[in-house]
Amino acid sequence: MSQWLLTEPVVDDLPELLALLQECGLPHGDVTADKLAEFLVCRAEGRLIATAGLEVCGDTVLLRSLAVLPGYRQRGLASRLLEALQQRTRARRQRQIFLLTTTAQEFFAARGFVRSARQLVPPGIADTAEFRQLCPASATCMHQPLDDQVLP
């Protein structure tokens, strides 16, 4: 697992990042170049194989687009991406991470996320394109409070 280097994408990575999200069946219609600074990517043999990003909404964030190509799953990449973004969130003193998922409830629950009622998310999260239109109403809403984990 230590062989995987996580980096921030550059603008030229956008088409490949969008193709990865599409291949993994994740919404990507609102992922634009101006959002890349909040993403991390991982490459193998010159190919983008994994990504994840945040959408900042005040003191909360939306975790989005956690995707690993099928041939690279079960190697710890998703966990490494999630941990790196959790660390970034804590360093910024943001209070909660929210997400929507249709397939990875158990993965996130095992990492401290709990189910949430969609109608109870903060307005900034509810106003994101992912919540308003891109993810199906059947997607599970989850969150992880970070209040007690904020860095001093």
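That block above? That's the structure.
All values reported here derive from a predicted model rather than from experimental measurement.

How each quantity is defined
- Residues numbered from 1 in each chain as written.
- Predicted model: local features only at pLDDT ≥ 70, side-chain atom pairs only at ≥ 80, totals over all residues.
- Heavy atoms only, no water.
- Core = buried A, V, L, I, M, F, W, Y, C linked by side-chain atoms within 4.5 Å.
- Buried < 20%, exposed > 50% of the residue type's maximum accessible area, 1.4 Å probe, protein only.
- Helix = DSSP H or I, 4+ residues; strand = E, 2+ residues; numbered from the N terminus.
- Contact = heavy atoms within 4.5 Å.
- Pairing = 2+ DSSP bridges.
- Axes fitted to C-alpha atoms, helices over the stretch in contact; angles between N-to-C directions.
- Salt bridge = Lys/Arg side-chain N within 4 Å of Asp/Glu carboxyl O.
- Phe/Tyr/Trp six-rings, centres within 6.5 Å; stacked < 30°, edge-to-face > 60°.

## Topic: the nonpolar core
Of all hydrophobic cores here, the largest spans 37 residues; its most connected members are Leu17, Ile49, Leu63, Tyr72, Leu77 and Phe108. Elements with a contribution of two residues or more to this core: α1 (14-23), β2 (39-44), β3 (47-57), β4 (60-68), α2 (77-91) and β5 (96-101). With residues near it in sequence (within four places) discarded, Leu17 still touches Pro9, Val31, Leu36, Phe39, Val41, Leu48 and Thr51. Residues Cys57, Leu62, Leu100 and Ala139 belong to the second largest nonpolar core, which totals ten residues.

## Some details on the sheet that holds strand β6 (residues 114-115)
Spatial strand order, β1-β2-β3-β4-β5-β7-β6: seven strands in an open sheet with mixed pairing. Looking along the sheet, the strands with just one partner apiece sit at the ends: β1 (6-7) and β6. Relative to β3, β2 is paired through six bridges, and the arrangement is antiparallel. Within the sheet, the bridge partner assigned to Ala44 lies in β3 and is Arg47. Contacts from α1 reach β2, β3 and β4, with the element oriented near 90 degrees to β3.

## Some details on the pattern of salt bridges
Summed over all chains, the structure comprises twelve salt bridges. Between Arg88 and Glu8 there is a salt bridge, with its nearest N and O atoms 3.2 Å apart. Within this pair, whereas Arg88 is found in helix α2, its partner Glu8 is found in the loop between β1 and α1, the two being separated by 80 residues in sequence. For Arg88, a relative accessible area of 15% translates into the label buried. Residue Glu8 is classed as partly exposed on the basis of its relative accessible area, which comes to 46%. Between Asp13 and Arg43 there is a salt bridge, with its nearest N and O atoms 2.6 Å apart. Highlighted residues: Asp13 in the loop between β1 and α1 and Arg43 in strand β2, separated in sequence by 30 residues. Residue class for Arg43 comes out partly exposed when judged on its relative accessible area of 31%. Shared partners join several salt bridges into a network, and the residues in it are Asp30, Lys35, Glu55, Arg64 and Glu130.

## Section: the pairing of β4
Every regular strand shows the same layout, with side chains that alternate between the two sheet faces. Most of β4 is tucked away: nine of the nine residues are buried. Of the pairings in the sheet, the one linking β3 to β4 comprises seven bridges and is antiparallel in character. In the sheet register, Thr51 faces β4, and the bridge partner there is Ala67. In textbook terms, the turn of a hairpin is the stretch between consecutive antiparallel strands, and for β3 and β4 this stretch comprises two residues, one of which, Gly58, has a positive phi near 70 degrees.

## Structural notes on the pairing of β3
With nine of its eleven residues buried, β3 lies for the most part within the structure. Linking β2 back to β3 in an antiparallel pair, the connection comprises two residues, with Glu45 at a positive phi of about 50 degrees.

## As for the packing of aromatic side chains
Scanning the model with the defined rule gives two aromatic pairs in all. Measuring from ring centre to ring centre gives 5.0 Å for Phe107 and Phe108, while their planes differ by 85 degrees; the resulting arrangement is edge-to-face. Looking at Phe108, the relative accessible area reads 6%, which means it is buried. For the pair Phe108 and Phe113, a centre-to-centre distance of 5.5 Å together with 75 degrees between the ring planes defines the contact as edge-to-face. We note that Phe108, like Phe113, is buried.

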